[in-house]
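Residues per chain, in single letters:
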Number of protein chains: 2
Amino acid sequence: MDERAALALLADDLPAAGDDAAVVGEQVLTTDMLHERTDFPAGTTRYTAGWRAVGASLSDVAAMGAEATAAVAVYAAPTFDPEELRAFVRGAQDVCAYVEADYVGGDLDDHGEFTVATTALGRTTDPVRRSGAEPGDALCVTGTLGRSGAALRLFDRGDHEWANELFRFTPRVVPGLAISSSATAMIDSSDGLARSLHQLADASDCGFAVETPLPIDDAVDDVTDGPADRRELGVFFGEDFELVFTTPPDSLPGLRDVCGVPISRIGTVTDDEAVTLDDVDLPDRGYTHGEE
Amino acid sequence: MDERAALALLADDLPAAGDDAAVVGEQVLTTDMLHERTDFPAGTTRYTAGWRAVGASLSDVAAMGAEATAAVAVYAAPTFDPEELRAFVRGAQDVCAYVEADYVGGDLDDHGEFTVATTALGRTTDPVRRSGAEPGDALCVTGTLGRSGAALRLFDRGDHEWANELFRFTPRVVPGLAISSSATAMIDSSDGLARSLHQLADASDCGFAVETPLPIDDAVDDVTDGPADRRELGVFFGEDFELVFTTPPDSLPGLRDVCGVPISRIGTVTDDEAVTLDDVDLPDRGYTHGEE
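Counting from 1, residues in each chain are numbered in the order their sequence is written. Following the order in which they are written, the chains are lettered starting with A and the ligands numbered starting with 1. In view of the model being predicted, local features appear only for residues whose pLDDT reaches at least 70, and side-chain atom pairs are presented and counted only at 80 or more, with totals across whole chains, interfaces and linings using the full set of residues. Side-chain metrics in this entry use all non-hydrogen atoms of the structure; hydrogen atoms and water are not considered.

K.L.:
Looking at this model, I keep getting lost on the overall build of chain A. Mind explaining?
P.N.:
Working definition: helices are DSSP H or I runs of at least four residues, strands are E runs of at least two. Numbering for both runs from the N terminus. Scanning chain A from terminus to terminus reveals 11 helices and 12 strands. Across its three principal axes, chain A shows a C-alpha extent of roughly 55 × 50 × 45 Å. For this analysis, residues touch if any pair of their heavy atoms sits within 4.5 Å. Restricting the contact set of chain A to residue pairs at least 6 apart, pairs at least 24 apart contribute 85%. A total of about 11200 Å² of accessible surface is found on chain A, and carbon and sulfur atoms cover 45% of it. The centroid of the 20 positive side-chain charges in chain A is displaced by 4 Å from the centroid of its 55 negative side-chain charges. Using the Shrake-Rupley algorithm and a 1.4 Å probe, accessible areas are obtained, with residue cover drawn only from the displayed protein chains. In this tally Asp and Glu are treated as negative and Lys and Arg as positive; neither His nor the chain ends contributes. For this purpose, a charge sits on NZ of Lys, CZ of Arg, CG of Asp or CD of Glu.

Rendered as structure tokens:
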């Protein structure tokens, strides 16, 4: 049984789950685990690891339209090198400071593989769910897509400095708060645009008609070798932590004024259940290796 | 560099850490990671694992004198067996229900070794810290000591049913709330009584004169073969998740009336920095294998 099937199995047992973060009164709470082998390619600094791991949970808070209040992490590793540990904490503190949350520590743990578990806490009186998109709403995304996919290629090529920079994304907490006043549904793009759209469509019981051009990051053009490859990294790769949301079209100009990051309208909510890109079905999948 | 040295190194960087849970406004937040190899001996059911992992974080909330509001967990494993996963979630839900918190899900993750990261959230306007013990205060502990040590022996012997039962401890959230009104300092006994007392003494800048008899669990008598072994499991082993606290002696009768679990007075706070058991220095250490 794979992870998605298992999550589906648990949906009935855990009604509070199934969104980017759980809502408990006015608090939102979310947790993640990242591993060296799968999440931190060779060349990832511990500063970047701290930033990115804590940032991933802050992104879930952002996707609820909540303010971020605090984060904690468990740092598990075979050894505790003081420099590495402090770099990790600095990264965690810096990403928290960026979104005005407090990094309040956590725990250390002996473990064979460098592994990080992070939790972020947020607050909102009016969370934005994945459900709620209405036919006719504009489908939008913040920032650019494909940064993490491009970073992975750069790690492979040994361009570690640029790769680390791309890996240290900005959690969209401040834009998320601005968007929350008019968004009808929201999710982060951590599973890739395609899969995130399918999740949003399932939760909102709607479809999406997406149209190119998509806001693919310039870095993707620098590391890919053709349109198919570009599309893999930009649409399917994921781990980008941008906000994907729906909103009435007439709220867009006002949103753009206050959001602080570029917002691209990439399509429209439809009343069928299809997710299409330029009228062709967009598959519900993540990155597929070997299509380069 | 070992875990304790690394935590000490970070103390300056993370002023909000250093207690059982971090305090963020009226919220308290705490996180832990547990692994199959070190924390779940062969024979531990997934129901017990869910109960115990989430319970460990709820115990940290209890040690702050806070009410527990919610918990989340990341369940990381090589495969997702539906029965195991549901049993884990049921254990997590049941321990939360016991202390009137909501188990609100979390995440799943592929990982070579069964690993659980848990986070608990609590609320209090008046957290009880590890600092604050005053000379003359009574030193007390809830419940009994040594249950987890005894459970480990029982797992070894193949008495899995009893071992699982001992492993499913009750987080002392309700007693912790009652105690919080008069406690001057509090910690949970997860690192063992001896080490917990040293942590409390360091934070409160005091000493403790502890006297036998200590409230060692009957199960310890059943699995140990003499006073030295009994003392190892009861005083040093840890992972018992009882509350160790200090309080003015005249508040004890009232506390016992409302606490709902037995409270044993095991000593007195002193104004030197020694931690003694029957006038002999109690070493600052956890369980030592091979002293049986």
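Having seen the structure, we can now continue with the description.
K.L.:
Could you clarify how one ought to interpret the sheet that holds strand S2 (residues 27-35) of chain B in this entry?
P.N.:
The strands making up a sheet associate through backbone hydrogen bonding, with each pair oriented either parallel or antiparallel. Residue and element names in this part refer to chain B. Only when DSSP finds a minimum of two bridges between them are two strands counted as paired. One open sheet holds the five strands; their spatial order is S1-S2-S5-S3-S4, and the pairing between them is mixed. Of all strands in the sheet, those with a lone pairing partner are strand S1 (22-24) and strand S4 (102-110), marking the two edges. The mean angle between the axes of side-by-side strands here comes to 20 degrees, regardless of whether they run parallel or antiparallel. Sheet topology note: the strand S3 (residues 67-77)/strand S5 (residues 115-123) ladder contains nine bridges and is antiparallel. Bridge pairing in S5 places Ala 76 opposite Thr 115. Each axis is a line fitted through C-alpha atoms, and for a helix only the stretch in contact is used; angles between axes span 0 to 180 degrees, taken between their N-to-C directions.

K.L.:
For this particular structure, what's the right way to read the state of the cysteines?
P.N.:
By definition, a disulfide is the covalent link that joins the sulfur atoms of two cysteine residues. Residue and element names in this part refer to chain A. The term disulfide is used for any two cysteine sulfur atoms that are within 2.5 Å. With the rule as written, the count across this model stands at zero disulfides over all chains. Between Cys 140, a cysteine without a disulfide, and Cys 259, which holds the nearest cysteine sulfur, the sulfur-to-sulfur distance is 9.6 Å. Working definition: with a 1.4 Å probe on protein chains only, accessible area under 20% of the residue-type maximum means buried, over 50% means exposed, and in between means partly exposed. You can call Cys 140 buried: its relative accessible area is 0%.

K.L.:
What should I look at first to understand the pattern of salt bridges in this one?
P.N.:
Note that side chains of opposite charge can pair when their charged atoms are close. Just to be clear on terms, a salt bridge is a Lys or Arg side-chain nitrogen sitting within 4 Å of an Asp or Glu carboxyl oxygen. With the rule as written, the count across this model stands at 22 salt bridges over all chains. With its nearest N and O atoms 3.4 Å apart, the salt bridge here joins Arg 195 of chain A to Asp 284 of chain A. Placement of Arg 195 of chain A in helix H8 (residues 193-204) and of Asp 284 of chain A in the segment after strand S12 (280-281) is noted, with a sequence separation of 89 residues between them. Residue classification places Asp 284 of chain A among the partly exposed positions, given a relative accessible area of 29%. Here Arg 230 of chain B makes a salt bridge to Asp 221 of chain B, at a shortest N to O gap of 2.7 Å. Each of Asp 19, Asp 20 and Arg 130 of chain A takes part in one network of salt bridges that share partners.

K.L.:
In this structure, what is going on with the interface of chain B and chain A? I would like to understand it.
P.N.:
As a measure of interface size, the accessible area lost when the parts come together is often cited. Counting residues at the interface gives 46 residues for chain B, matched by 46 residues for chain A. Buried area is calculated as the accessible area (1.4 Å probe) missing from two parts once they are joined, with the contributions of both summed. When the two sides are added together, the surface that chain B and chain A hide from each other amounts to roughly 4200 Å², 69% of it contributed by carbon and sulfur. The interface formed by chain B and chain A includes zero salt bridges. Two N or O atoms count as a polar contact when they lie within 3.5 Å, although within protein this holds only if one can serve as hydrogen donor and the other as acceptor, and sequence-adjacent residues are included solely when both atoms are side-chain atoms. Viewed at the interface, chain A and chain B are joined by six residue pairs in polar contact (both at pLDDT 80 or more). Broken down by secondary-structure element, the contributors of at least two residues to the side of chain B that touches chain A are helix H1 (3-10), S1, S2, S3, helix H4 (82-98), S4 and S5 of chain B. Broken down by element, the residue count for the side of chain B that touches chain A peaks at eight residues, all from S4 of chain B. Here the nonpolar group is Ala, Val, Leu, Ile, Met, Phe, Trp, Tyr, Cys and Pro; Asp, Glu, Lys and Arg are the charged ones; every other residue, Gly included, is treated as polar. Here the side of chain B that touches chain A is built from residues that sort into 27 nonpolar, 10 polar and nine charged.

K.L.:
Would you mind showing me how to read the pairing of strand S9 (residues 243-247) of chain B here?
P.N.:
Successive side chains on a regular strand alternate, one facing one side of the sheet and the next facing the other. Residue and element names in this part refer to chain B. Of all five residues that make up S9, five are buried, and the element is covered over most of its length. Covered by surrounding structure in S9 are Leu 243, Phe 245 and Thr 247 together with Val 244 and Thr 246, the residues of both alternating faces. Pairing of strand S6 (residues 138-142) with S9 involves four bridges; the strand directions are antiparallel. Note on S9: the bridge partner recorded for Leu 139 is Thr 246. Examined bridge by bridge, strand S7 (residues 185-188) and S9 share four bridges and lie antiparallel to one another. Its bridge partner being in S9, Ala 185 is matched across the sheet by Thr 246.

K.L.:
Which parts of the structure should I look at to understand H1 of chain B?
P.N.:
Given 3.6 residues per helical turn, the α-helix brings residues three or four places apart onto the same face. Buried residues of H1 of chain B: Ala 6, Leu 9 and Leu 10 of chain B, and no others. With its buried residues spanning 95 degrees around the axis, H1 of chain B presents them on a single face. On its buried side, H1 of chain B packs onto helix H4 (82-98) and strand S4 (102-110) of chain A. Here the arc refers to the directions that run from the helix axis out to each C-beta atom.

K.L.:
Can you help me understand the relation of the copies chain B and chain A in this one?
P.N.:
It takes a turn of 180 degrees to lay chain B on chain A, together with a shift of 0.0 Å along the axis; the resulting RMSD is 0.0 Å. Both copies are brought into coincidence by an operation consistent with a two-fold rotation axis. Judged by C-alpha distance, Ala 117 of chain B is the residue of chain B that lies nearest the rotation axis, at 3.2 Å. Copy-to-copy superposition: least squares on the C-alpha atoms, limited to residues that have pLDDT of at least 70 in both copies.

K.L.:
Just checking my understanding: could you explain the UniProt feature "binding site: Mg(2+) 3" (unreviewed entry) in chain A for this structure?
P.N.:
Residues and elements named next belong to chain A. UniProt positions are given in the numbering used here, feature names are shortened, and annotations may be inferred rather than shown by experiment. Mapped onto this numbering, the UniProt entry gives "binding site: Mg(2+) 3" (unreviewed entry) at Asp 20, Asp 60 and Asp 188. In terms of the greatest pairwise C-alpha distance, the residues named above, spread along 169 residues, form a tight cluster of at most 7.5 Å across. Relative to the helices and strands, Asp 20 resides in the loop between helix H1 (3-10) and strand S1 (22-24). Given a relative accessible area of 6%, Asp 20 falls into the buried group.

K.L.:
I'm lost on the side chain of Asn 164 of chain A in this one. Help?
P.N.:
Position of Asn 164 of chain A relative to the elements: it lies in helix H6 (residues 160-167). The contacts of Asn 164 of chain A, once residues within four sequence positions are left out, are Gly 43, Thr 44, Thr 45, Thr 48 and Phe 155 of chain A.

K.L.:
Can you walk me through unusual backbone geometry in this structure?
P.N.:
Across residues other than glycine, the phi torsion is negative in most instances, and most of the peptide bonds are trans. Residue and element names in this part refer to chain A. The omega torsion of the bond from Thr 212 to Pro 213 falls at 0 degrees, within 30 degrees of zero and hence cis. One non-glycine residue, Phe 241, adopts positive backbone phi at about 60 degrees. Mapped onto the elements, Phe 241 comes out in the loop between helix H10 (227-237) and strand S9 (243-247). Judged by relative accessible area, Phe 241 falls into the buried class, the value being 8%.

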